[in-house]
Amino acid sequence: MRVPITRVDPSLPLPEYATDGSVGFDFTTRVTTKVAPGGMARIPSNLIVATPPGYMLLVAVRSSTPTRTGLRLSNAIGIVDQDFAGPDDEIHIDVWNTTDRPVVVKRGDRIAQGVFVSVAVATWDERETPDAPSRGGFGSTG
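Residues numbered from 1 in each chain as written. Predicted model: local features only at pLDDT ≥ 70, side-chain atom pairs only at ≥ 80, totals over all residues. Heavy atoms only, no water.

Trainee: Mind showing me how you'd approach the overall build of the chain here?
Mentor: Helices and strands together make up the secondary structure of the chain, namely one helix and 11 strands. Along the chain, from the amino end to the carboxyl end, the secondary structure elements read β-β-β-β-β-β-α-β-β-β-β-β. Whereas a compact globule of 142 residues would reach a radius of gyration of roughly 14 Å, the chain reaches 19 Å, over 25% beyond that. Along the longest, intermediate and shortest principal axes, the C-alpha atoms of the chain span 55 × 40 × 30 Å. Buried positions account for 34% of the 142 residues belonging to the chain. In the chain, of all internal contacts separated by at least 6 residues, the share reaching a separation of at least 24 is 74%. Total accessible area on the chain is roughly 9400 Å²; 53% of this is exposed by carbon and sulfur atoms. With 14 positive and 16 negative side-chain charges, the chain shows a spacing of 12 Å between the two charge centroids. (Helix = DSSP H or I, 4+ residues; strand = E, 2+ residues; numbered from the N terminus. Rg over C-alpha atoms; globule rule 2.2 N^0.38 Å. Buried < 20%, exposed > 50% of the residue type's maximum accessible area, 1.4 Å probe, protein only. Contact = heavy atoms within 4.5 Å. Areas by Shrake-Rupley, 256 points an atom, 1.4 Å probe, with all protein chains shown as cover. Lys, Arg positive; Asp, Glu negative; His and termini not counted. Charge placed at Lys NZ, Arg CZ, Asp CG, Glu CD.)

So this is what it looks like as C-alpha cells:
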C-alpha cells in the first residue's frame, strides 16, 4: 500500500517498520517537550499522513514508553481519519505524565506508533426492537 506522507521537518527521518513482522511504524517527535508531573502535552509527530480510503490510522503508545518514561497516551488511542491530511493537519501525540517528576521527550524520540486498520462505514438499519435476546450486563457471561 502506497501512502502519501509529508514531513513538516524533512531533516527528520521517514517512519520505518522495525522488522519484517512489524505492523506498526514509529512516530518521531519533532520538538523537545517537557511534560509536567501529572500533566498533559501535545507533541508534534512531524507527519501529515493521507490515510487511504477504507482505512484509519490508529495511534498507540509504544510498549516501552510507559515503563521507560511514565507517559501514556491521554486518550488511550488516537484515530486519524481519512480526511485529516491537509497542510495544517500534523499528527500530534497527546501524552499524560503519570509520574511525580517532569518528563522530557527529546526531538527525535519514538514514543508512539501508527497502524493502518481496515474499516467499514455503516449504513444504519434502524429497528423498533433489537432482533437478539438480552444477555445481561458487563461480565454477565462469568
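Trainee: How should I be thinking about the pairing of strand β11 (residues 110-118) in this particular structure?
Mentor: For a regular strand, the rule is simple: side chains alternate between the two faces of the sheet. Note: strand β2 (residues 25-28) against β11, four bridges, orientation antiparallel. Within β11, the residue paired with Phe-27 across the bridge is Ala-112. Both strand β6 (residues 55-61) and β11 contribute to a ladder of seven bridges, which runs antiparallel. Bridged to Tyr-55 within β11 is Ser-118. (Pairing = 2+ DSSP bridges.)

Trainee: I tried to follow the pattern of salt bridges on my own but got confused; where do I start?
Mentor: Once the charged atoms of two side chains with opposite charge are near each other, the side chains can pair. Evaluation of the coordinates by the stated rule reveals seven salt bridges. As a salt-bridge pair, Arg-107 and Asp-9 come within 2.9 Å of each other at their nearest N and O atoms. On the criterion of sequence distance, the pair formed by Arg-107 in the loop between β10 (103-105) and β11 and Asp-9 in the loop between β1 (5-7) and β2 is long-range, its members being 98 residues apart. Note on Arg-107: relative accessible area 38%, which makes it partly exposed. Salt-bridge contacts for Asp-26 lead to Arg-62; the nearest nitrogen and oxygen are separated by 3.2 Å. Linking Asp-26 in strand β2 with Arg-62 in the loop between β6 and α1 (65-69), this pair joins segments that are 36 residues apart in sequence. We note that Asp-26, like Arg-62, is buried. (Salt bridge = Lys/Arg side-chain N within 4 Å of Asp/Glu carboxyl O.)

Trainee: Would you explain unusual backbone geometry in this entry?
Mentor: Glycine aside, negative phi is the norm for most residues, and most peptide bonds take the trans geometry. In this model, Asn-46 sits at a positive phi of 80°, which is unusual for a non-glycine residue. Residue placement: Asn-46 occurs in the loop between β4 (40-44) and β5 (47-49). Overall, Asn-46 belongs to the buried group, its relative accessible area being 1%.

Trainee: Whenever I open this one, empty space enclosed by the protein confuses me. Can you help?
Mentor: Empty space among the atoms becomes visible once a probe the size of a water molecule is rolled across them. Scanning the model with the defined rule gives one cavity of 30 Å³ or more in all. If you add up the space inside the largest cavity, you get close to 30 Å³. Looking at the largest cavity, the residues that line it are Pro-13, Pro-15, Asp-26, Phe-27, Thr-28, Ser-45, Asn-46 and Leu-47. When residues of the lining of the largest cavity are assigned to their parent elements, the largest contribution, three residues, is made by β2. Taken together, the residues of the lining of the largest cavity break down into four nonpolar, three polar and one charged. (1 Å grid on protein atoms, 1.4 Å probe; cavity = no way out; pocket = protein on both sides within 12 Å on 5 of 7 lines; lining within 4 Å. Points joined across faces, edges and corners; volume = space filled by probe spheres on them. Nonpolar A, V, L, I, M, F, W, Y, C, P; charged D, E, K, R; others polar.)

Trainee: When you look at the nonpolar core in this model, what are you seeing that I'm missing?
Mentor: Note on soluble globular proteins: their nonpolar side chains tend to be buried together. By size, the foremost hydrophobic cluster in this structure holds 20 residues, and its most contacted members are Phe-27, Leu-57, Val-59, Ile-91, Ile-93, Val-95 and Ile-111. Contributions of two or more residues to this core are made by β2, β4, β5, β6, β7 (71-73), β9 (92-97), β10 and β11. Among the elements that take part in this core, β11 stands out by supplying three residues, more than any other. (Core = buried A, V, L, I, M, F, W, Y, C linked by side-chain atoms within 4.5 Å.)

These figures come from the coordinates and say nothing about function on their own.
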